[in-house]
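Descriptive analysis of the structure
These are the residues of each chain, in order.
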Amino acid sequence: MMRRHSILEVNAEVLSMLGTPQPVVLLDIDNTILAPRGAEIDSGVAAHVRQLSQDVRILLCTNNLTDRQRRVSETLNLPILMRAMKPLTWWVKPWLKQHHIAERDVIVVGDQWVTDGWLAKALRCPVVLLDPIAEDTHLLTRLLRRVEKRWKL
Ligand SMILES: [Mg+2]
């Protein structure tokens, strides 16, 4: 397991450290590349994922099933498995097979240990665990509030 703060810190070089020769990234959406209240994917994040997809194959994998996730898939022009039921592999395994992807080539990238981490465990593949986007936001908000308070003093 590897930890990084954000998807922006994940590139082909970082992924190569996990020792998977031809990695295929199973990329989570919510709180990994899409903020919980964001209607659209951040343009900087989208640009980064597009760049990454030139070096490694990326498939989106979400437990959700709404237009927000679908739109991310359209924006990035990447295949998506919705309602994946992570960490269970009932839908993920057949879907990988359908895309001719060997489980040993997969690297799961996501923000939640109980879904993304356990999925990786079940697939016996590496996982890159990121900080959830929302926590970052909260942290920033808290920090800003502290700064505001000081200004008032
Ligand atoms: Mg997530």
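Coordinates for the structure precede this section.
Calculation notes
Residues numbered from 1 in each chain as written. Predicted model: local features only at pLDDT ≥ 70, side-chain atom pairs only at ≥ 80, totals over all residues. Helix = DSSP H or I, 4+ residues; strand = E, 2+ residues; numbered from the N terminus. Rg over C-alpha atoms; globule rule 2.2 N^0.38 Å. Buried ≥ 20, exposed ≤ 12 C-beta atoms within 10 Å, placed from the backbone. Pairing = 2+ DSSP bridges. Right-handed = clockwise from strand over helix to strand, strands pointing away. Arc of directions from axis to C-beta. Contact = placed C-beta atoms within 7 Å. Core = buried A, V, L, I, M, F, W, Y, C linked by C-beta atoms within 7 Å.

**Digging into the overall build of the chain**
On a plain count of helices and strands, the chain comes out with six helices and six strands. For a compact globule of 153 residues, the expected C-alpha radius of gyration is about 15 Å, and the chain comes in at 16 Å, within 12% of that figure. Projected onto the principal axes, the alpha-carbon positions of the chain cover approximately 60 × 35 × 30 Å. Residue burial in the chain is summarised as follows: out of 153 residues, 33% are buried.

**A few points about the pairing of strand β3 (residues 57–61)**
For β3, the tally of buried residues reaches four of five residues, placing the bulk of the element in the interior. Across four bridges, strand β2 (residues 24–27) lies against β3 in parallel orientation. Within the sheet, the bridge partner assigned to Val25 lies in β3 and is Ile58. The β-α-β motif built from β2, the intervening helix α2 (residues 43–55) and the parallel element β3 has right-handed crossover chirality. The pairing of β3 with strand β4 (residues 80–81) spans two bridges and is classified as parallel.

**Structural notes on helix α5 (residues 113–123)**
Where α5 is concerned, the buried positions are Thr115, Asp116, Leu119, Ala120 and Leu123. End-on view of α5: buried residues confined to an arc of 120°, all on one side of the axis. Among the structural elements, α4 (92–98), β5 (106–110) and β6 (127–130) are those in contact with the buried residues of α5. Backbone geometry just after α5 places Arg124 at a positive phi near 55°.

**Notes on the nonpolar core**
The tendency in soluble globular proteins is for nonpolar side chains to be buried side by side. Core analysis: the biggest nonpolar cluster contains 36 residues, and Leu27, Ile33, Val108 and Val109 have the highest contact counts within it. Of all the elements in the fold, those that place two or more residues in this core are β2, α2, β3, α3 (67–76), α4, β5, α5 and β6. Excluding residues that lie within four positions of it along the chain, Val109 makes contacts with Val10, Val25, Leu26, Leu27, Asp28, Thr32, Val128 and Leu130.

**Details of the environment of Val108**
Relative to the assigned elements, Val108 resides in strand β5. Taking C-alpha positions, Val108 is 5.8 Å from Val25, a pair spaced 83 residues apart along the chain. Discounting residues that sit within four places of it in the chain, Val108 has contacts with Leu26, Asp116, Leu119, Ala120, Cys125 and Val127.

**Some thoughts on the pairing of β6**
On β6, burial covers both faces: Val127 and Leu129 on one face and Val128 and Leu130 on the other are all buried. Two strands pair when backbone bridges link them, and strand β1 (residues 2–4) and β6 are joined in this way by three bridges, in the parallel orientation. Residue pairing in the sheet places Arg4 in a bridge with Leu130 of β6. Inspection of the sheet shows β5 paired to β6 by three bridges, in the parallel sense. Within β6, the position partnered with Gly110 by the bridge is Leu129. In this region the chain leaves β5, passes through α5 and returns to the parallel neighbour β6; the handedness of that crossover is right-handed.

**Section: the sheet that holds β3**
Strand order in the open sheet formed by six strands is β1-β6-β5-β2-β3-β4, and the pairing between neighbours is parallel. Only two strands of the sheet have a single neighbouring strand rather than two, namely β1 and β4.

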